[in-house]
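# Report on the structure
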Amino acid sequence: MKINYTELPIKVHFFFFMATTGAISRFLPVYGKQLGISPLIMGSIIAIVPIASFIGKLILGYTADYYLEWRKAIFMALFAMTGASYFLMYFLPPLPGPILPDHEFQNVSWDSLLPCDTNHHVTMSLCNGAKDTTCHWICKDMNFSMPLSFHATNKEAIISSDTTCLLNVNIALLYQRNVTANYCNVSCDNFEDDQCLYTSTTFWGFVILMLFGEIGYHISLSASDVICFDILGEDGQMRYGRQRLWGTIGSSLLSLLSGLTIDLWSQEKVYKTYTPAFILVLTFICIDLICCRKLKLPLSKSPSILKNVFAILKLVPIIIFLCTAMFAGIFESLMVNFLFWYIEDLAMATGYMKKVKLIEGLTLSSGLLGKVISYFMSGKILEKFGYDYTLTFCFLCYALRMALLSLVPTPWHVLLIEVILQGPSLALLYATIVTHASIISPPGTSATVQAIATGTKDGLGYAIGSFLGGFLFRQIGGRRTLRIYSGLATLSALVYIISYTLYTKRTTDTRNKVEWKKHDDAQREYIIDEKCLHVSSYKHVSYVSS
């Protein structure tokens, strides 16, 4: 098999960069949960990422197009910042205090617990690790609730006279007279240490590094796509999927490897040690930066970047395309942010909670084959069916995927659906959008146009989809939310194909008729061949002699 050494560096970059992010990115929410961050706060942090990424993509895209000679250096600095943000989390100091693993305690004797010291509130204000909570006791004679305080320790919380004290002695004495059973089952609420947590260096360090890492990751994906299309050139744009699939392989393999090594390193303890993940991040980002030095980017600069970009944004077909990208982001955000939520709700209702993490892990890796095949075949599919019919097909796959997910009786059935439909609904749709954005880009504006297209999808689309999905999940539940989104995907497919058939398809020729009366006018607008003035796809430029 002959190796294409021109395309090899971008394949290697996709593999190692997405392996870097795959080692830690999916684990950040649960890493924050281990620190004690509530779901509401974590959701608020994640909600900032899409909008900030959208703005960042626009700034980077314009900068990379304007300072063309610094293009590769700008991209490599972005990749390095992303990897460094993830790795620096390793140095965050651990928060003091006990760990409440699953909130459940069995056969607990409470009559030996002692009252807390009189200066307990002063101790709590010092944030030295003592944590208060309310625990609910289920005894043979009666059920009751009682506030407890756990002493400062970095070990798993247990209820005993050495580690726990009573915050309200009067309540304890009242229940002691009525309870004859010595041992009870106990469930405790989350610790009430918000003030200490949210004023700590660890919390703010985590928030800042997570934001820089996640925003850098999304911007880097757009930058990597720009590099890929620059290397492939106009004649090789249909080969994009064959480069991008290596990123999917790297991300999937490192997610599995990272999860396995975290469990092994933690020795099955409740408190997980993420050291292996950070080691993998550092290793793979260093390899990626070394490989990026081999990337050779062509220099094709537009003398009027903003003017050319605004010119294509005025075209109705381009507006329709960007609206389509936004809806793609809406549907993707539901799958990315709420699929595991739906699986856990389903597992709780069907008795599969003990195996839910295994199911979630298999769900992450089950779509690997489908995504690889979709990326590999994307060029041939686009050449045969075109962008418009392919986009319609992807939306219908999303509709079918979400409809079937809303009908599954157990979490295990989710795996079968993801194996079959994750590839065409996610990978093929992404390849279609970024390839389409590259095709419509005037010379020298590829980074800016890619930023607009992927920013509309991952920024505006994600923000709307996440907010709407969270609201619907809370109000009507997961099954109905999936059915609503399935109907919306079907409607989007119908509206898009109708608009293409009745309008876009009929106006293609009018978009190609951009002419200048003088050769100098055309020469100033684009870097072109004197004999053939041509910009591919939606912008064909011709010189008309006077």
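Everything quoted here is computed from the prediction, not taken from an experiment.

Tallying each qualifying case throughout the model produces 16 aromatic pairs. With a centroid separation of 5.1 Å and 75° between ring planes, the pair formed by Phe 203 and Trp 204 is classed as edge-to-face. Look at Phe 331 and Tyr 398: their rings are 5.9 Å apart centre to centre, the planes differ by 50°, and that puts the pair in the tilted class. Here Phe 331 is found in helix α12 (residues 316–350), whereas its partner Tyr 398 is found in helix α14 (residues 368–405), with 67 residues between them in sequence. Each member of the pair Phe 331 and Tyr 398 is classed as buried. Through successive ring pairs, a cluster of aromatic residues spans Tyr 31, Phe 87, Tyr 90, Phe 91, Phe 206, Tyr 274 and Phe 278. Sitting over the ring of Phe 376, Arg 242 keeps its end group 4.4 Å from the ring centre. Across from the ring centre of Phe 385, 5.9 Å away, lies the NZ or CZ of Lys 384, which sits over that ring.

Next up on the list: the state of the cysteines. One pass over the full model with this rule turns up three disulfides. Two residues, Cys 116 and Cys 165, share a disulfide whose sulfurs are 2.0 Å apart. Every disulfide takes its handedness from the sign of the S-S torsion; for Cys 116 and Cys 165 that torsion is 90°, giving right-handed. Within this pair, whereas Cys 116 is found in the loop between β2 (114–115) and α5 (120–125), its partner Cys 165 is found in strand β5 (residues 164–166), the two being separated by 49 residues in sequence. In this structure, Cys 116 and Cys 165 share a single accessibility class: buried. A sulfur-sulfur distance of 2.0 Å marks the disulfide that ties Cys 135 to Cys 188. For the disulfide bridge between Cys 135 and Cys 188, the dihedral angle about the S-S bond is near 100°, and by the sign convention the bridge is right-handed.

Right, let's talk about the nonpolar core for a bit. In terms of nonpolar packing, the biggest core is built from 67 residues, with Ile 37, Phe 75, Met 89, Phe 206 and Tyr 240 touching the most fellow members. Tallying contributions element by element places helix α8 (residues 201–232) first for this core, with 17 residues. When residues of this core are sorted by domain, at least three fall in each of domain 1 (1–95 + 200–298) and domain 3 (306–511). When sequence neighbours within four positions are dropped, the list of residues in contact with Phe 206 reads Leu 28, Tyr 31, Gly 32, Leu 35, Ile 37, Met 42, Met 89 and Leu 92.

Per-residue confidence for the chain gives a mean pLDDT of 78; residues scoring 70 or more make up 79%. Considering each helix and strand of the chain separately, the mean pLDDT is smallest for strand β8 (residues 541–543), with a value of 34, and largest for helix α10 (residues 275–292), with 93. Below a pLDDT of 50 lies the segment residues 509–546, which in the model reaches 62 contacts outside its immediate sequence neighbourhood of four places, other chains included.

Time to look at the pairing of strand β4 (residues 143–150). Bridge analysis of strand β3 (residues 131–138) against β4 gives eight bridges, and the strand direction is antiparallel. When the bridges of β4 are listed, Lys 131 appears paired with Phe 150. Counted between consecutive antiparallel strands, the loop separating β3 from β4 contains four residues. Taken together, the three bridges between β4 and β5 define a ladder with antiparallel strand orientation. Residue pairing in the sheet places Leu 148 in a bridge with Leu 166 of β5.

Right, let's get into the side chain of Ser 499. Within the fold, Ser 499 resides in helix α17 (residues 478–502). The class of Ser 499 is buried, set by a relative accessible area of 19%. There is a polar contact of 2.7 Å between the side chain of Ser 499 and the backbone oxygen of Tyr 496.

Relative to the helices and strands, Thr 82 resides in helix α4 (residues 71–88). Residue Thr 82 is classed as buried on the basis of its relative accessible area of 1%. A polar atom in the side chain of Thr 82 sits 3.3 Å from the backbone oxygen of Gly 216. Not counting residues up to four positions away in its chain, the partners in contact with Thr 82 are Phe 17, Gly 213, Gly 216, Tyr 217 and Ser 220.

This paragraph deals with the packing of α8 against helix α15 (residues 412–439). Contact geometry of α8 with α15 gives a least axis separation of 11 Å together with a crossing angle of 60°. Between α8 and α15, the interaxial angle falls into the category oblique. With respect to the hand of their crossing, α8 and α15 are arranged in right-handed fashion. For the pair α8 and α15, contact is made by Leu 221, Asp 225 and Phe 229 and by Tyr 430, Val 434, Thr 435 and Ser 438, respectively.

Another point: the pattern of salt bridges. Pairs may arise between side chains of opposite charge once their charged atoms sit close together. Tallied over the full model, the rule gives four salt bridges. Of the charged contacts, one joins Glu 7 and Arg 239 as a salt bridge, the two residues approaching to 2.7 Å between their closest N and O atoms. Placement of the pair is Glu 7 in the segment before α1 (8–22) and Arg 239 in the loop between α8 and α9 (240–266), with a sequence separation of 232 residues. Of the charged contacts in the structure, one is a salt bridge between Lys 457 and Glu 332, with a shortest N-O distance of 2.9 Å. Taken as a pair, Lys 457 in helix α16 (residues 446–476) and Glu 332 in helix α12 lie far apart in primary sequence, 125 residues in all.

Procedures and definitions
- For every chain, the first residue of its written sequence is number 1, and the numbers climb from 1 along that sequence.
- Thresholds applied to this predicted model are a pLDDT of at least 70 for local features of residues and 80 or more for the giving and counting of side-chain atom pairs; totals over whole chains, interfaces and linings are not thresholded and use all residues.
- Only heavy atoms go into the side-chain values, all of them from the structure, while hydrogens and water stay out.
- Classification of ring pairs uses Phe, Tyr and Trp, with its six-membered ring standing for Trp, and accepts pairs whose centres are within 6.5 Å; under 30 degrees between planes counts as stacked, over 60 as edge-to-face, and the remaining range as tilted.
- Every helix listed is a DSSP run of H or I at least four residues long, and every strand listed is a run of E at least two residues long, numbered separately from the N terminus.
- Any residue under 20% of the maximum accessible area for its type is buried, any over 50% is exposed, and the rest in between are partly exposed; the area is computed with a 1.4 Å probe on protein chains only.
- Charge-over-ring placement is defined geometrically: NZ (Lys) or CZ (Arg) within 6 Å of the ring centre, and within 35 degrees of the ring normal.
- Our working definition of a disulfide is a cysteine sulfur pair at a distance within 2.5 Å.
- To qualify as a nonpolar core, a set must consist of buried Ala, Val, Leu, Ile, Met, Phe, Trp, Tyr and Cys residues joined through side-chain atoms within 4.5 Å.
- Domain start and stop positions are those given by an automatic or database domain assignment.
- When checking whether two residues touch, look at their non-hydrogen atoms; a contact exists if any pair is within 4.5 Å.
- pLDDT measures the predictor's confidence residue by residue and takes values from 0 up to 100.
- Here a strand pair is declared whenever DSSP counts at least two bridges between the two strands.
- N or O atoms within 3.5 Å of each other form a polar contact, as long as, within protein, one can give a hydrogen and the other can take it, and as long as residues adjacent in sequence are counted only when both atoms are side-chain atoms.
- For helices, the fitted line uses only the C-alpha atoms of the stretch in contact; every axis is such a line through C-alpha atoms, and the angle between N-to-C directions lies from 0 to 180 degrees.
- Geometric relationships in this document are graded by angle, where less than 35 degrees denotes roughly parallel, more than 145 denotes roughly antiparallel, 65 to 115 denotes roughly perpendicular, and other angles denote oblique.
- Less than a right angle of anticlockwise turn of the near helix away from the far helix marks a crossing as left-handed, whereas a clockwise turn marks it as right-handed.
- Take a side-chain nitrogen of Lys or Arg and a carboxyl oxygen of Asp or Glu: if they are within 4 Å of each other, that pair is a salt bridge.

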